[in-house]
Amino acid sequence: QVHLEESGGGLVQAGDSLKLSCAASISTYAMGWFRQAPGREREFVATISWRGGTWNYADSVKGRFTVSIDNDKNIVFLQMNSLKPEDTAVYYCAARRSPVVASSPSDYDYWGQGTQVTVSS
């Protein structure tokens, strides 16, 4: 069983930056970041392979968000710059038992509890 714990969320203003972290209990395969706003379905944000060689982003965050990984500490990061009010959501970290990156929530096997990100205008 893989335990994932997110941190780094908070309340910021539009244009600010935040860096989310996801600590994994063991080394795993592909990792993903997703978000869910009230009344909306969980949506893909970014994904990265465990060795960091492959990654992908949702169009809505390309150029603003960067996903990275620290293999020594088993931590995945999501650097979020130029935040917008529409980025407001609970952000979830996820892991899948496959080395192939993926963008669908159903492709992931383990989930963290989520961390709230609120961007005010």
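For the structure, see preceding data.
Residues numbered from 1 in each chain as written. Predicted model: local features only at pLDDT ≥ 70, side-chain atom pairs only at ≥ 80, totals over all residues. Heavy atoms only, no water.

## Brief notes about the overall build of the chain
Summing up its helical and strand segments, the chain has zero helices and eleven strands in all. Start at the N end of the chain and walk to the C end: the helices and strands fall as β-β-β-β-β-β-β-β-β-β-β. Against the 2.2 N^0.38 benchmark of 14 Å for 121 residues, the chain shows a C-alpha radius of gyration of 13 Å, consistent with a compact globule. Dimensions of the chain, computed from C-alpha atoms along their principal axes, come out at roughly 40 × 30 × 25 Å. In the chain, which comprises 121 residues, the proportion classed as buried is 45%. A sequence separation of at least 24 residues applies to 57% of the contacts in the chain between residues at least 6 apart. (Helix = DSSP H or I, 4+ residues; strand = E, 2+ residues; numbered from the N terminus. Rg over C-alpha atoms; globule rule 2.2 N^0.38 Å. Buried < 20%, exposed > 50% of the residue type's maximum accessible area, 1.4 Å probe, protein only. Contact = heavy atoms within 4.5 Å.)

## Here we look at the state of the cysteines
Structurally, a disulfide amounts to a covalent bond that connects the sulfur atoms of two cysteines. Inspection of the entire model under this criterion finds one disulfide. Each sulfur in the disulfide pair C22 and C93 lies 2.0 Å from the other. Here C22 and C93 share a disulfide; its torsion about the S-S bond, -75°, makes the bridge left-handed. Residue C22 is found in strand β3 (residues 18–24), and its partner C93 is found in strand β9 (residues 89–95); the two are separated by 71 residues along the sequence. Grouping residues by exposure puts C22 and C93 together as buried. (Disulfide = S-S within 2.5 Å.)

## Focus on the sheet that holds strand β8 (residues 75–80)
Here four strands make up an open sheet; going across it, the order is β1-β3-β8-β7 and the pairing antiparallel. The open sheet has two edge strands with one neighbour each: β1 (4–7) and β7 (65–70). Averaged over all neighbouring strand pairs, the angle between strand axes comes to 15°, with direction disregarded. Judged from the four bridges that link them, β1 and β3 form a sheet pairing that is antiparallel. The residue of β3 that forms the bridge with E6 is C22. (Pairing = 2+ DSSP bridges. Axes fitted to C-alpha atoms, helices over the stretch in contact; angles between N-to-C directions.)

## Focus on the pattern of salt bridges
A complete count under the given rule lists five salt bridges for this structure. R64 is paired through a salt bridge with D87; the nearest N and O atoms lie 2.7 Å apart. Remark: D87 occurs in the loop between β8 and β9 and R64 occurs in the loop between β6 (55–57) and β7; sequence separation between them is 23 residues. For the pair R64 and D87, a shared accessibility class is recorded, and that class is buried. Of the charged contacts in the structure, one is a salt bridge between D109 and R97, with a shortest N-O distance of 3.5 Å. Residue D109 is found in the loop between β9 and β10 (110–111), and its partner R97 is found in the loop between β9 and β10; the two are separated by twelve residues along the sequence. (Salt bridge = Lys/Arg side-chain N within 4 Å of Asp/Glu carboxyl O.)

## Some thoughts on the pairing of strand β4 (residues 31–36)
Looking down a regular strand, the side chains alternate between one sheet face and the other. Of all six residues making up β4, five are buried, and the element is well covered by its neighbours. As defined by bridge partners, β4 adjoins strand β5 (residues 43–48) across five bridges and the pair is classed as antiparallel. Of the residues in β5, the one forming a bridge with W33 is A46. Where β4 hands over to β5, the hairpin turn is made up of six residues, of which G39 adopts a positive phi near 80°. When β4 meets β9, the two strands line up antiparallel, connected through six bridges. Bridging from a neighbouring strand, W33 pairs with C93 of β9.

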